[in-house]
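# Structural overview
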Amino acid sequence: MNGSHAGSGLVLARLSEVLFVETLRRYINSLPPEQTGWLAGARDPVIGQALALLHKEPAEPWTISELARRVGLSRTRLAERFRHFLEESQWRIWANGD
């Protein structure tokens, strides 16, 4: 490989990641306010923070109580907000551990 192509694969890989993230960000921001689901939940400040914690620390033995404490809400309010964005069946599966 000559010097003019050195690192081009890495640059292309990073560029594709940036384009994907920006496309996803624009799509999420274009969702109507009444939209529900995981992507709409990610846009909500509290649910987005909770989802980020779950993904950042997947090995953590999360409970609803601990997650609520970390995002600064009561268990009840966190559950209400999750239910607003997620289907009841999805919430029950996730919340079953607390």
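See the structure above.
This report concerns the structure included in the present document. Keep in mind it's a predicted model, so treat the numbers as computed, not measured.

Analysis parameters
- Residues numbered from 1 in each chain as written.
- Predicted model: local features only at pLDDT ≥ 70, side-chain atom pairs only at ≥ 80, totals over all residues.
- Heavy atoms only, no water.
- Helix = DSSP H or I, 4+ residues; strand = E, 2+ residues; numbered from the N terminus.
- Contact = heavy atoms within 4.5 Å.
- Polar contact = N/O pair within 3.5 Å; in protein donor to acceptor, adjacent residues only side chain to side chain.
- Axes fitted to C-alpha atoms, helices over the stretch in contact; angles between N-to-C directions.
- Parallel < 35°, antiparallel > 145°, perpendicular 65-115°, else oblique.
- Left-handed = near helix turned anticlockwise from the far one by under 90°.
- Nonpolar A, V, L, I, M, F, W, Y, C, P; charged D, E, K, R; others polar.

Take the environment of Arg 81 next. For Arg 81, the position within the fold is in helix α5 (residues 75-85). Each C-alpha atom of the pair Arg 81 and Gly 41 lies 8.6 Å from the other, and the pair is 40 residues apart in sequence. Once residues lying within four places of it in the same chain are set aside, the contact partners of Arg 81 are Asp 44, Pro 45, Val 46, Ile 47 and Leu 73. Looking at Arg 81, its side chain comes within polar contact range of the side chain of Asp 44, at 2.7 Å.

Contact geometry of helix α3 (residues 45-56) with helix α4 (residues 64-71) gives a least axis separation of 10 Å together with a crossing angle of 120 degrees. With respect to α4, the element α3 is oriented oblique. For the pair α3 and α4, the sense of crossing is right-handed. Counted together, Val 46, Gln 49, Ala 50, Leu 53 and Leu 54 of α3 and Leu 67, Arg 70 and Val 71 of α4 form the full contact between these two elements. Residues belonging to the contact of α3 with α4 are distributed by class as follows: six nonpolar, one polar and one charged.

Such coordinate-based values are descriptive only and should not be taken to indicate function.
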